[in-house]
Amino acid sequence: MDNSHKLSKIVMYLSFISLAYFVLIVFFSYTPPDSTGSLQFFGEILTIPMLLLIVFNITYGLISILKKKSIKINAITIISSSFAIAFLIIVTIKQLNP
C-alpha cells in the first residue's frame, strides 16, 4: 500500500467523521441534552474546521480521481462529503421555512 492510498483512506475516514459530526450537531440542536453548555462550546469551536475539512475532502478526492489514484475510495469520499453538504443545506432550508 503506497502513501497516496493510505492518505486516501485517511481522508475517507475523515469525511465519515465530519458527516457524523454534523448529523450529531443537528440531532442535538433539535433534542438538546440536559447540559448544553459544553455541547454548544464544542459545536462552535469545531464547525468551521469541519466545513473546511469537507471542502478539502472534496478537492482532494476530485484531484485524486483525475490522477486516477484510488478511484473507489475517493469516490466514497466525495459522495460522503457531498452528502454532508446536502444534509446541511436541507436542514438550513427547513429552518428558514417553518
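Computed from a prediction, not measured in an experiment: that's the story for all the values here.

Some remarks on the packing of aromatic side chains
- Here the structure, examined in full by the defined rule, presents two aromatic pairs.
- Between Phe 56 and Tyr 60 the ring centres are 6.0 Å apart and the planes differ by 25°, which places this aromatic pair in the stacked class. Of this pair, Phe 56 and Tyr 60 are both found in helix α2 (residues 37–66), four residues apart, which corresponds to roughly one turn of the helix.

Some words on α2
- The first and last C-alpha atoms of α2 sit 44 Å apart over 30 residues, in line with the 44 Å expected at 1.5 Å per residue.
- Maximal helix bending in α2 amounts to about 40°, located at Leu 46; proline Pro 49 follows within four positions.
- Gly 43, Met 50, Leu 53, Ile 54, Asn 57, Ile 58, Tyr 60, Gly 61 and Ser 64 are the residues of α2 that are buried.
- Of the surrounding secondary structure, the elements contacted by the buried residues of α2 are α1 (3–30) and α3 (71–96).
- Positive backbone phi, approximately 60°, marks Lys 68, located one or two places after α2.

Notes on α1
- A rise of 1.5 Å per residue sets the reference length of α1, with its 28 residues, at 40 Å; its end C-alpha atoms lie 41 Å apart and thus fit the reference within 8%.
- When α1 is considered as a whole, its buried residues turn out to be Ser 8, Val 11, Met 12, Ser 15, Ser 18, Leu 19, Tyr 21, Phe 22 and Val 26.
- If you follow the buried residues of α1, they end up packed against α2 and α3.

Regarding unusual backbone geometry
- Backbone geometry at Lys 68 places phi at a positive 60°, although glycine is not the residue there.
- Relative to the assigned elements, Lys 68 resides in the loop between α2 and α3.
- Backbone geometry at Ser 70 places phi at a positive 45°, although glycine is not the residue there.
- For Ser 70, the position within the fold is in the loop between α2 and α3.

Thoughts on the nonpolar core
- Ranked by size, the top nonpolar core spans nine residues in total: Leu 19, Tyr 21, Phe 22, Met 50, Leu 53, Ile 54, Ile 58, Ala 84 and Leu 88.
- Mapped by element, the contributors of at least two residues to this core are α1, α2 and α3.
- In contact with Ala 84, other than residues within four places in its own chain, are Leu 19 and Ile 54.

Thoughts on the environment of Val 91
- Take Val 91: it is sitting in helix α3.
- In this structure Val 91 comes out as buried when scored by relative accessible area, which is 13%.
- With 62 residues separating them along the chain, Val 91 and Ser 29 place their C-alpha atoms 11 Å apart.
- What Val 91 contacts, discounting residues up to four positions off in sequence, is Val 26 and Tyr 30.

Conventions used here
- Here, residues in each chain are numbered from 1, in the same order as that chain's written sequence.
- Totals for whole chains, interfaces and linings use all residues, but because this is a predicted model, local features are given only for residues with pLDDT of at least 70 and pairs of side-chain atoms are given and counted only at 80 or more.
- To get the side-chain values, take all heavy atoms of the structure and skip hydrogens and water.
- Under the pairing criterion, centres of Phe, Tyr and Trp rings, with the six-membered ring standing for Trp, must be within 6.5 Å; the plane angle then separates stacked pairs below 30 degrees from edge-to-face pairs above 60, leaving the rest tilted.
- Counting from the N terminus, the helices are DSSP H or I runs at least four residues long and the strands are E runs at least two residues long.
- Expected span of a helix, by definition, is 1.5 Å for each gap between consecutive residues, and there is one gap fewer than residues.
- Fitting axes to the seven residues ending at a residue and to the seven starting there, one defines the bend at that residue as the angle between these axes.
- With a 1.4 Å probe rolled over the protein chains alone, any residue whose accessible area is under 20% of its type maximum counts as buried; one over 50% counts as exposed, and the rest are partly exposed.
- Throughout, a contact is declared for two residues whenever any of their heavy atoms are within 4.5 Å.
- The criterion is simple. A nonpolar core is a set of buried Ala, Val, Leu, Ile, Met, Phe, Trp, Tyr and Cys residues joined through side-chain atoms within 4.5 Å.

On their own, these measurements won't tell you what the molecule is for.
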